[in-house]
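# Remarks on the overall topology
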Amino acid sequence: VEFKTVLTTCPYCGCGCGILLEVLDGQLVGALPAKTAPVNEGKLCVKGWTVHEFVMSPRRLAKPLVRKDGTLRESSWEEALNLAAARLREIKEREGPDSIAMFASAKCTNEENYLLQKFCRVAIGTNNIDHCARL
Amino acid sequence: MSEKIREHVRALFASGRTKGFLGLREENGHIMPHLFCSDQELNHLSLGDHVKSGDARYPLNQLLIQLAMKYPEETFAVLVRGCDERGLKELFKWKQLRAEKVIPVGLGCPDELARACECEKPFPDSLVDGPRGKKADSLKVACIDGLGLEGRLAFWMAEFDRCIKCFGCRNVCPMCFCNQCSLAEEGLVGTGEVPPANPTFHLARAVHMVGRCIDCGLCEEACPADIPLRTLYKKVTDIVSEEFGYRTGYTATEKSPFHIIEG
């Protein structure tokens, strides 16, 4: 029998609440608010309380999907990235860079968000970059 | 203070009576639940005191139920304060845990904590360490009772109005073990909507605390809206005590009024 709780940061929004993940024999079985975390002091919202559910969910997207003939089909990363890059280039050339906008995410790190705005401004050539919470 | 508990658990390990002690572990300034399985691990034992006495308590009995469900034949030791021990007694009666498979390791609460909790019995019978403290005065329920019927209704409506429906009170509760929860019943409280129906949502939960609430206060500590849930459930407990003569968690055999199905 092995049971422990592992301190981590909630992945949902930018607040950064401390969460204890309950791990029983290597399986994630629950989540608790961390009492000693200075941000949330033992409290959570409904999303934080259920954060463990998506990790083990069979509906979780684990491989890239590409829509072919109206249905989503599994593809390789290379195929999916090539398709996204080709379509973005095509739209940019036909409609101009300001026809494209990008949303950054609170679930990503600062560094990832920095990279996205850099990509948006330099590679695409638009200032249409915003935060997912504005959706 | 934890030295006595540590020695007690070491002796339990040595006797072979249990393979695991469910308690609290301190690591990098944080306190978290943990199943201790060796003497060495016990160096990190915590009793749940972070900045203040007992401010880092967790629903250990709830975690114990999860362990017992997966390992029904194992015996586990568990750290209990007065409230947790009352919880164990009820959970045995509700058949969520088996008494012969649980070894309570008792910790008494200091006066400071007992007063903050307005605790009826701030120590467990299985006391290993900590004081055998005395009953603290109950002031908060009397204060709200003094508001009169209309004042009380206005008070609670305003408190419940802040609810963001995080379900934290239910999720953290060591006495909430139903497979189907009334708070997720479409016919009783609107599901999928925020804020929750006021006061139906909170009164539904309060009614379900009859004969269950052992006054650990974890619900109130988990509430992001600072709703005085503990005071609400204390009142429920008072009513059960006055009307039915039943005190939740004080005996190992007497069943609560909501427990008795036969006539």
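The next subject is the overall build of chain B. Tallying secondary structure elements over chain B gives 10 helices and 6 strands in all. A globule of 263 residues ought to have a C-alpha radius of gyration of about 18 Å, and chain B, at 19 Å, matches this closely. A buried classification covers 52% of the 263 residues belonging to chain B. Contacts spanning at least 24 positions in sequence make up 64% of the contacts within chain B whose residues lie at least 6 apart. Accessible surface, chain B as shown: approximately 12,400 Å² in total, 55% of it carbon and sulfur. Of the side chains in chain B, 33 bear a positive and 37 a negative charge, and the two mean positions are spaced by 4 Å.

A few words on the interface of chain A and chain B. Across the contact, 23 residues belong to chain A and 35 residues belong to chain B. With both sides pooled, the region where chain A packs onto chain B buries about 2,300 Å², and carbon together with sulfur makes up 63% of that total. If you look at where chain A meets chain B, you find 3 salt bridges. When the shortest N-O distance is used, the salt bridge between A:Asp25 and B:Lys70 registers 2.8 Å.

Now for the confidence of the model for chain B. For chain B, mean pLDDT is 94; residues scoring 70 or higher make up 98% of the total. Here the prediction assigns the complex a pTM of 0.90, and the interface score ipTM is 0.93.

The next point concerns helix 4 (residues 110-124) of chain A. In this model, helix 4 of chain A (15 residues) spans 20 Å end to end at C-alpha, consistent with the 21 Å of a helix rising 1.5 Å per residue. A:Gly125, located one to two residues past helix 4 of chain A, shows a positive phi value of around 95 degrees.

Aromatic rings considered in pairs are described by the distance between their centres and by the relative angle of their planes. Residues and elements named next belong to chain B. Within this structure, the stated rule accounts for 6 aromatic pairs over all chains. Between Phe21 and Phe36, the ring centres sit 6.0 Å apart and the planes meet at 35 degrees, which makes this aromatic pair tilted. One end of the pair, Phe21, is in strand 1 (residues 20-27); the other, Phe36, is in strand 2 (residues 30-36), with 15 residues separating them in the sequence. Like Phe36, Phe21 is buried. Note on Phe155 and Trp156: the rings are 5.0 Å apart at their centroids and 85 degrees apart in plane angle, and the pair reads as edge-to-face.

Below, the discussion takes up unusual backbone geometry. Residues and elements named next belong to chain B. In this chain, Val194 is followed by Pro195 through a cis amide linkage whose omega measures -5 degrees. Backbone geometry places Asn28, a non-glycine residue, at a positive phi of 50 degrees. Summarising the element assignment, Asn28 is placed in the loop between strand 1 and strand 2. The phi dihedral of Asp215 falls on the positive side, at around 60 degrees, and the residue is not glycine. By relative accessible area, which is 13% here, Asp215 ends up buried.

Residues and elements named next belong to chain B. In the contact formed by helix 8 (residues 200-208) and helix 10 (residues 229-244), the axes pass within 9 Å of each other and the chain directions differ by 50 degrees. Overall, the two elements helix 8 and helix 10 adopt an arrangement that is oblique. Crossing of helix 8 against helix 10: the hand is right-handed. Mapping the contact onto sequence places His202, Arg205 and Ala206 in helix 8 and Leu229, Leu232, Tyr233 and Val236 in helix 10. Each residue belonging to the contact of helix 8 with helix 10 can be placed in one class, and the counts come to 5 nonpolar, 1 polar and 1 charged.

A few words on the environment of B:Ser2. All names here are of chain B. Along the polypeptide, Ser2 turns up in helix 1 (residues 2-15). Under the relative-accessibility criterion, Ser2 is labelled buried at 13%. Sequence-distant contacts of Ser2, defined by excluding residues within four places in its chain, comprise Leu45, Leu47 and Asp129.

Another aspect to go through is the nonpolar core. Counting residues in each nonpolar core, the largest one holds 84 residues, and the members touching the most others are B:Ile5, B:Phe21 and B:Leu22. If you look at the next biggest cluster of nonpolar residues, it comprises 5 residues, including A:Ile100, A:Met102, A:Cys120 and A:Ile124.

We now examine the environment of B:Lys165. Residue and element names in this part refer to chain B. Counting through the fold element by element, Lys165 comes out in the loop between helix 6 (148-160) and helix 7 (168-172). With relative accessibility at 7%, the residue Lys165 sits in the buried group. Taking the C-alpha atoms as reference points, Lys165 and Ala197, 32 residues apart in sequence, are found 9.8 Å from one another.

Attention shifts here to the state of the cysteines. All names here are of chain B. This model, assessed by the stated rule, comprises 0 disulfides over all chains. Here Cys117 is not cross-linked by a disulfide; its sulfur's nearest cysteine counterpart is in Cys119, at 6.2 Å. Free of any disulfide, Cys213 has its nearest cysteine sulfur in Cys219, 6.3 Å distant.

Right, let's get into the side chain of B:Lys165. Buried and unpaired, B:Lys165 has no salt bridge, with B:Glu193 as the nearest side chain of opposite charge at 6.9 Å. A polar side-chain atom of B:Lys165 sits 2.9 Å from the main-chain carbonyl oxygen of B:Glu193. Excluding its chain neighbours within four sequence positions, the residues that come into contact with B:Lys165 are A:Val46, B:Gly190, B:Thr191, B:Gly192, B:Glu193, B:Pro196 and B:Phe201.

For the rest of this paragraph, the subject is the pairing of strand 3 (residues 27-33) of chain A. All names here are of chain A. Burial runs high along strand 3: 5 of the 7 residues are buried. The sheet contact formed by strand 2 (residues 18-24) and strand 3 spans 6 bridges and is antiparallel. Opposite Ile19, over in strand 3, you have Pro33 as the bridge partner.

When the charged atoms of two side chains lie near each other, side chains of opposite charge can form a pair. Per the stated rule, a full pass over the model turns up 26 salt bridges over all chains. We note a salt bridge from A:Lys68 to A:Glu79, for which the minimum N-O separation is 3.1 Å. Taken together, the residues A:Lys68 in strand 4 (residues 65-68) and A:Glu79 in helix 3 (residues 77-95) connect sequence positions 11 residues apart. Between B:Glu120 and B:Lys135 there is a salt bridge whose closest N-O contact spans 3.5 Å. In this pair, B:Glu120 sits in the loop between helix 4 (111-117) and strand 6 (127-129) while B:Lys135 sits in the loop between strand 6 and helix 5 (140-145), placing the two residues 15 residues apart along the sequence. On the accessibility criterion, B:Glu120 (36% relative accessible area) is partly exposed. On the basis of relative accessible area, B:Lys135 is assigned to the partly exposed category, the value being 47%. Because the salt bridges share partners, they merge into one network encompassing A:Arg87, A:Glu90, A:Arg94 and A:Glu95.

Conventions we followed
- Residues numbered from 1 in each chain as written.
- Chains lettered and ligands numbered in written order.
- Predicted model: local features only at pLDDT ≥ 70, side-chain atom pairs only at ≥ 80, totals over all residues.
- Heavy atoms only, no water.
- Helix = DSSP H or I, 4+ residues; strand = E, 2+ residues; numbered from the N terminus.
- Rg over C-alpha atoms; globule rule 2.2 N^0.38 Å.
- Buried < 20%, exposed > 50% of the residue type's maximum accessible area, 1.4 Å probe, protein only.
- Contact = heavy atoms within 4.5 Å.
- Areas by Shrake-Rupley, 256 points an atom, 1.4 Å probe, with all protein chains shown as cover.
- Lys, Arg positive; Asp, Glu negative; His and termini not counted.
- Charge placed at Lys NZ, Arg CZ, Asp CG, Glu CD.
- Buried area = accessible area lost by both parts, 1.4 Å probe.
- Salt bridge = Lys/Arg side-chain N within 4 Å of Asp/Glu carboxyl O.
- pLDDT = per-residue confidence, 0-100.
- Expected span 1.5 Å × (residues − 1).
- Phe/Tyr/Trp six-rings, centres within 6.5 Å; stacked < 30°, edge-to-face > 60°.
- Axes fitted to C-alpha atoms, helices over the stretch in contact; angles between N-to-C directions.
- Parallel < 35°, antiparallel > 145°, perpendicular 65-115°, else oblique.
- Left-handed = near helix turned anticlockwise from the far one by under 90°.
- Nonpolar A, V, L, I, M, F, W, Y, C, P; charged D, E, K, R; others polar.
- Core = buried A, V, L, I, M, F, W, Y, C linked by side-chain atoms within 4.5 Å.
- Disulfide = S-S within 2.5 Å.
- Polar contact = N/O pair within 3.5 Å; in protein donor to acceptor, adjacent residues only side chain to side chain.
- Pairing = 2+ DSSP bridges.

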